[in-house]
Amino acid sequence: QVQLVESGGGLVQAGGSLRLSCAAPGRTFSTYAMGWFRQAPGKEREFVAAIIWRGGYTYYADSVKGRFTISRDNNKNTVDLQINSLKPEDTAVYYCATRRTTADWGTLRTVGGYHDWGQGTQVTVSS
(Lines give C-alpha, C1' and ligand atoms only; values in the text may rest on other atoms or scores of the structure.)
Protein backbone atom coordinates (compact mmCIF):
# COMPACT_ATOMS: atom_id res chain seq x y z
CA GLN A 1 0.00 0.00 0.00
CA VAL A 2 1.27 3.45 -0.94
CA GLN A 3 1.10 6.20 1.68
CA LEU A 4 0.05 9.52 0.25
CA VAL A 5 0.40 12.83 2.06
CA GLU A 6 -1.36 15.97 0.88
CA SER A 7 -0.30 19.49 1.81
CA GLY A 8 -0.87 23.08 0.79
CA GLY A 9 -4.45 23.62 1.83
CA GLY A 10 -5.62 26.64 3.74
CA LEU A 11 -7.94 29.62 3.96
CA VAL A 12 -7.91 31.95 0.98
CA GLN A 13 -10.10 34.73 -0.36
CA ALA A 14 -12.11 34.29 -3.51
CA GLY A 15 -10.00 35.00 -6.55
CA GLY A 16 -6.84 33.79 -4.86
CA SER A 17 -4.65 30.79 -5.61
CA LEU A 18 -3.34 27.73 -3.86
CA ARG A 19 -0.94 24.96 -4.78
CA LEU A 20 -1.67 21.57 -3.33
CA SER A 21 0.96 18.87 -3.27
CA CYS A 22 0.72 15.13 -2.87
CA ALA A 23 3.80 13.23 -1.84
CA ALA A 24 4.09 9.52 -2.47
CA PRO A 25 7.12 8.40 -0.47
CA GLY A 26 8.86 5.40 -1.90
CA ARG A 27 8.70 3.86 -5.31
CA THR A 28 6.39 5.13 -8.01
CA PHE A 29 7.44 2.87 -10.88
CA SER A 30 4.27 0.91 -10.30
CA THR A 31 2.07 4.00 -10.50
CA TYR A 32 -0.09 4.27 -13.59
CA ALA A 33 -1.99 7.41 -12.69
CA MET A 34 -2.69 9.82 -9.87
CA GLY A 35 -5.78 11.85 -9.30
CA TRP A 36 -7.21 14.64 -7.20
CA PHE A 37 -10.69 14.55 -5.79
CA ARG A 38 -12.59 16.85 -3.44
CA GLN A 39 -15.41 16.47 -0.99
CA ALA A 40 -17.51 19.34 0.27
CA PRO A 41 -19.59 19.03 3.46
CA GLY A 42 -22.67 16.95 2.86
CA LYS A 43 -21.64 16.03 -0.68
CA GLU A 44 -20.09 13.04 -2.33
CA ARG A 45 -16.44 12.93 -3.22
CA GLU A 46 -16.01 14.22 -6.75
CA PHE A 47 -13.31 13.97 -9.38
CA VAL A 48 -11.15 17.02 -10.05
CA ALA A 49 -8.18 16.00 -12.19
CA ALA A 50 -5.95 13.07 -13.09
CA ILE A 51 -2.55 12.57 -14.66
CA ILE A 52 -0.95 9.56 -16.28
CA TRP A 53 2.42 9.15 -14.60
CA ARG A 54 4.29 8.15 -17.76
CA GLY A 55 3.67 10.70 -20.46
CA GLY A 56 2.01 13.28 -18.24
CA TYR A 57 -1.37 13.12 -19.97
CA THR A 58 -3.99 15.03 -18.02
CA TYR A 59 -7.75 15.02 -17.65
CA TYR A 60 -10.00 17.50 -15.81
CA ALA A 61 -13.53 17.77 -14.60
CA ASP A 62 -15.46 20.31 -16.65
CA SER A 63 -16.07 22.43 -13.56
CA VAL A 64 -12.36 23.15 -13.05
CA LYS A 65 -11.01 23.36 -16.59
CA GLY A 66 -9.02 26.51 -17.12
CA ARG A 67 -8.54 27.14 -13.39
CA PHE A 68 -6.90 23.95 -12.13
CA THR A 69 -3.64 22.45 -13.37
CA ILE A 70 -2.33 19.04 -12.37
CA SER A 71 1.35 18.24 -12.77
CA ARG A 72 3.85 15.67 -11.57
CA ASP A 73 7.50 15.70 -10.60
CA ASN A 74 9.15 12.39 -11.36
CA ASN A 75 12.22 13.18 -9.28
CA LYS A 76 10.29 14.21 -6.18
CA ASN A 77 7.50 11.65 -6.59
CA THR A 78 4.91 14.36 -6.13
CA VAL A 79 1.76 15.43 -7.90
CA ASP A 80 0.68 19.04 -7.56
CA LEU A 81 -2.63 20.77 -8.14
CA GLN A 82 -2.42 24.45 -8.93
CA ILE A 83 -5.74 26.16 -8.23
CA ASN A 84 -6.35 29.66 -9.54
CA SER A 85 -9.30 32.02 -9.39
CA LEU A 86 -10.67 30.23 -6.36
CA LYS A 87 -14.39 30.37 -5.73
CA PRO A 88 -16.35 29.74 -2.52
CA GLU A 89 -17.76 26.60 -4.13
CA ASP A 90 -14.23 25.20 -4.32
CA THR A 91 -14.31 24.85 -0.53
CA ALA A 92 -13.75 21.17 0.25
CA VAL A 93 -11.31 18.61 1.52
CA TYR A 94 -9.00 17.73 -1.34
CA TYR A 95 -7.68 14.19 -1.64
CA CYS A 96 -5.04 12.66 -3.84
CA ALA A 97 -5.14 9.06 -4.94
CA THR A 98 -3.06 6.64 -6.94
CA ARG A 99 -3.81 3.81 -9.31
CA ARG A 100 -1.31 1.06 -10.10
CA THR A 101 -2.87 -0.52 -13.19
CA THR A 102 -3.92 0.70 -16.61
CA ALA A 103 -7.32 2.35 -16.84
CA ASP A 104 -9.24 4.61 -19.17
CA TRP A 105 -10.34 8.13 -18.32
CA GLY A 106 -13.81 6.90 -17.49
CA THR A 107 -12.37 4.79 -14.71
CA LEU A 108 -9.89 7.42 -13.57
CA ARG A 109 -12.68 9.87 -12.88
CA THR A 110 -14.30 7.53 -10.37
CA VAL A 111 -13.55 7.07 -6.68
CA GLY A 112 -13.45 3.33 -7.19
CA GLY A 113 -10.78 3.68 -9.86
CA TYR A 114 -7.97 4.21 -7.36
CA HIS A 115 -6.06 1.93 -5.02
CA ASP A 116 -4.67 4.27 -2.38
CA TRP A 117 -5.77 7.55 -0.86
CA GLY A 118 -4.33 10.31 1.24
CA GLN A 119 -5.94 11.81 4.33
CA GLY A 120 -6.89 15.03 2.57
CA THR A 121 -6.13 18.72 2.96
CA GLN A 122 -8.75 21.37 3.68
CA VAL A 123 -9.28 24.24 1.26
CA THR A 124 -11.58 27.02 2.43
CA VAL A 125 -12.45 29.93 0.16
CA SER A 126 -14.03 32.99 1.71
CA SER A 127 -16.22 35.33 -0.29
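Above: the structure in question.
Residues numbered from 1 in each chain as written. Predicted model: local features only at pLDDT ≥ 70, side-chain atom pairs only at ≥ 80, totals over all residues. Heavy atoms only, no water.

**Quick look at the layout of surface pockets**
The cut-off we apply is this: Two kinds of site are reported from a 1 Å grid over the protein atoms alone, namely cavities, where a 1.4 Å probe fits but cannot get out, and pockets, open sets with protein on both sides within 12 Å along at least five of seven lines, and residues are called lining when an atom falls within 4 Å of a point. Grid points are joined across faces, edges and corners, and a volume is the space filled by probe spheres set on the points. Three categories are distinguished: nonpolar for Ala, Val, Leu, Ile, Met, Phe, Trp, Tyr, Cys and Pro, charged for Asp, Glu, Lys and Arg, and polar for the others, with Gly belonging to the last.
When its volume is computed, the largest pocket comes out at roughly 160 Å³. Taken together, Arg38, Ala40, Pro41, Lys43, Glu44, Glu46, Pro88, Glu89 and Thr91 make up the lining of the largest pocket. A breakdown of the residues in the lining of the largest pocket according to their chemical character gives three nonpolar, one polar and five charged.

**Re the nonpolar core**
Short version of the rule: To form a nonpolar core, buried Ala, Val, Leu, Ile, Met, Phe, Trp, Tyr and Cys residues must be joined to one another through side-chain atoms within 4.5 Å. Categorising residues by exposure relies on relative accessible area from a 1.4 Å probe, with only protein chains included: less than 20% of the type maximum marks a residue as buried, more than 50% marks it as exposed, and the intermediate range marks it as partly exposed. A helix here means a DSSP run of H or I that spans at least four residues, while a strand means a run of E at least two residues long, and both kinds are numbered starting from the N terminus.
The biggest cluster of nonpolar side chains holds 36 residues, and the ones touching the most others in it are Trp36, Val48, Phe68, Ile70, Leu81 and Tyr94. Secondary-structure elements contributing two or more residues to this core are strand S3 (18–23), strand S4 (33–39), strand S5 (46–52), strand S7 (68–73), strand S8 (78–83), strand S9 (92–99) and strand S11 (121–126). A total of six residues in this core trace back to one element, the largest contributor, which is S5.

**Some words on the pairing of S11**
Condition: At least two bridges found by DSSP between two strands are what make those strands a pair.
In S11, alternate side chains face the same way, and those of Thr121, Val123 and Val125 are buried while those of Gln122, Thr124 and Ser126 on the opposite face are not. Bridge count between strand S2 (residues 10–13) and S11: four bridges; the pairing is parallel. Residue pairing for S11: Val12 is matched across the bridge by Val125. Where S9 and S11 come together, three bridges link them in antiparallel fashion. Counterpart to Val93 in the pairing with S11 is Gln122.

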